[in-house]
Amino acid sequence: MIPSELLEKAQAHIDSGAFFTELATLVGYQTVSDAPEGRVALTAYLDDVLRPALTALGCDVTTYPNPDPAGGPFLLGTRVEQPELPTLLCYGHADVVGEAGPWSDGLAAWTLTADGERWYGRGSADNKGQHLINLTALRLLLAERGSLGFNLKFLFETGEEIGSPGLTEFAEAHKDLLSADVLIASDGPRLDAATPTLFLGARGSVRIALDVNLRPDAYHSGNWGGLLRNPATTLAAAITSLVDGHGRSQVPELLPPELPDTVRTALADVAVAASPGDPAPDPGWGDPRLTLAERLYGWNTLEVLALGAADVDRPVNAIPGRARAMLQLRYVAGTDVGSVAEAVTKHLAAQGFPMVEATVESSYRASRTPVDDPWVQWAKQTLDAVADRPVALLPNFGGGLPNHVFTDVLGLPTLWLPHSYPGCLQHAPDEHLLASVVREGLVLATALFHALGERGKEA
């Protein structure tokens, strides 16, 4: 049983304004990982904010260099209470994205501003507010009990927004240092603002470039139309052979082998796009054999991200010589993506488009913890007991995270308890955190950590 007074203290911490004040300090660090000045701010953030926070939890704290020069350092705090107790690995990222445009009047990226339930500021949702909730929950538990009841390792990276360079190599080189029984972390969004959520992994992504490069020059359409192959027409038809005009993939090699029954069951009651302001899913789009939730969280999609030939804003009467498109395969764990370019090339050739060149430009891996893992059932039951409505269990969320580092390299079950929501604008102007989600998130995180301490007593 989770003490009600502990959960009341979590609520009181938010209501007192202490959390907002602390988060305002965190947001003020301009920790943009793809900017030189951001690297300086990241170092200061680790030294001024995270190191003291971990030290206050009784952790020994060490900064480790990144084996990849493209990435920044890692910070690891370790607290060992008793070797026989369960060991928890937590994770967060200190970096944020740069500015994508001007913010609304009265708002500034590096100043936390409250407007009703919305707390605006860069990093408020991704990821400073989220890792502050978890640090605060651990702090409250330690103050209440005098101990955590488990061993703690808290890892922070500084390059998640640029693809987590070096994280896989760091984990492979320091498996003993990062060994644990379970990962509990917070990133990404809930199912929606009103639904507490637990997800177990992330979809992967493969970015595929399609190039039709037929000739160096453009030729007058009146003099050469009907004689010269048009690369734009060719590319449009080639794309339709890959994914039809209703969003349905036409290449079996780009689909997962199956939708597991455990995933189907977990998604049976999940409603997507249910928040005010969400766009309505388009009827007739996507695989009609699947529910909306299954399409988003249990299956693969092939999307066209960009498509172009010549200058669409200033067209001239000429057949272009070249056309290019960028596609993205969002895929779930279990999909073989080792030969995506070869599969696409073979399919296009069979459809009569050998002149279309396919190349993979970037990718990151999909991974997830099995829905029926005992740690998943424990976490779901714990959260259901304190939430005032059922907690949504997602096999993975729709976007990408370095979850594979924890499942595939470290061999851990992964439990993600997100403290944001899909409309938070995390990579755009006016990024914000919802106060209502913060209140509930701190209670849920505190309850989960408390339950882990009680589990340690039983071990």
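Our subject in this report is the structure included herewith. Just so you know, these numbers come straight off a predicted model, no measurement behind them. (Residues numbered from 1 in each chain as written. Predicted model: local features only at pLDDT ≥ 70, side-chain atom pairs only at ≥ 80, totals over all residues. Heavy atoms only, no water.)

### Topic: the packing of helix H3 (residues 36-56) against helix H4 (residues 128-145)
Next, step 1: Put simply, H3 and H4 touch, their axes get as near as 10 Å, and they point 25° apart. The orientation of H3 relative to H4 falls into the category roughly parallel. Pair H3 / H4 crosses with left-handed handedness. Each of Tyr45, Leu50, Ala53, Leu54 and Ala56 in H3 lies in contact with H4, whose residues at this interface are Lys128, His131, Leu135 and Leu142.
Next, step 2: Its residues assigned to classes, the contact of H3 with H4 shows seven nonpolar, one polar and one charged. (Axes fitted to C-alpha atoms, helices over the stretch in contact; angles between N-to-C directions. Helix = DSSP H or I, 4+ residues; strand = E, 2+ residues; numbered from the N terminus. Parallel < 35°, antiparallel > 145°, perpendicular 65-115°, else oblique. Left-handed = near helix turned anticlockwise from the far one by under 90°. Contact = heavy atoms within 4.5 Å. Nonpolar A, V, L, I, M, F, W, Y, C, P; charged D, E, K, R; others polar.)

### Thoughts on helix H2 (residues 18-27)
Next, step 1: Along H2, the positions that sit buried rather than exposed are Phe19, Leu23, Leu26 and Val27. Within H2, the buried residues cover an arc of 95° as seen down the axis, which keeps them to one side.
Next, step 2: Tucked inside the fold, the buried residues of H2 contact helix H1 (4-15), H3, strand E5 (118-120), H4, strand E19 (432-434) and helix H14 (435-458). (Buried < 20%, exposed > 50% of the residue type's maximum accessible area, 1.4 Å probe, protein only. Arc of directions from axis to C-beta.)

### Quick word on unusual backbone geometry
Next, step 1: A cis geometry characterises the amide bond from aspartate 126 onward to asparagine 127, with omega recorded as 15°.
Next, step 2: Secondary-structure assignment places asparagine 127 in the loop between E5 and H4.
Next, step 3: Phi at alanine 310 is positive, roughly 55°, even though this residue is not glycine.
Next, step 4: Residue position: alanine 310 is located in the loop between strand E12 (301-309) and strand E13 (318-319).
Next, step 5: A positive phi angle is found at aspartate 430, which is not glycine, with a value near 70°.
Next, step 6: In this structure, aspartate 430 sits in the loop between strand E18 (414-416) and E19.

### Concerning the sheet that holds E5
Next, step 1: In space, the three strands of this open sheet follow the order E4-E5-E19, with antiparallel pairing throughout. Lying at the two open borders of the sheet, with one neighbouring strand each, are strand E4 (113-115) and E19. Between one strand and the next, the sheet's axes are offset by a mean angle of 25°, whatever the strand orientation.
Next, step 2: Pairing of E5 with E19 involves three bridges; the strand directions are antiparallel. Following the sheet pairing, tryptophan 119 is matched in E19 by leucine 433.
Next, step 3: Relative to E5, H2 is tilted by about 25°, and along the sheet it contacts E4, E5 and E19.
Next, step 4: H14 contacts E5 and E19 of the sheet and is inclined by roughly 60° relative to E19. (Pairing = 2+ DSSP bridges.)

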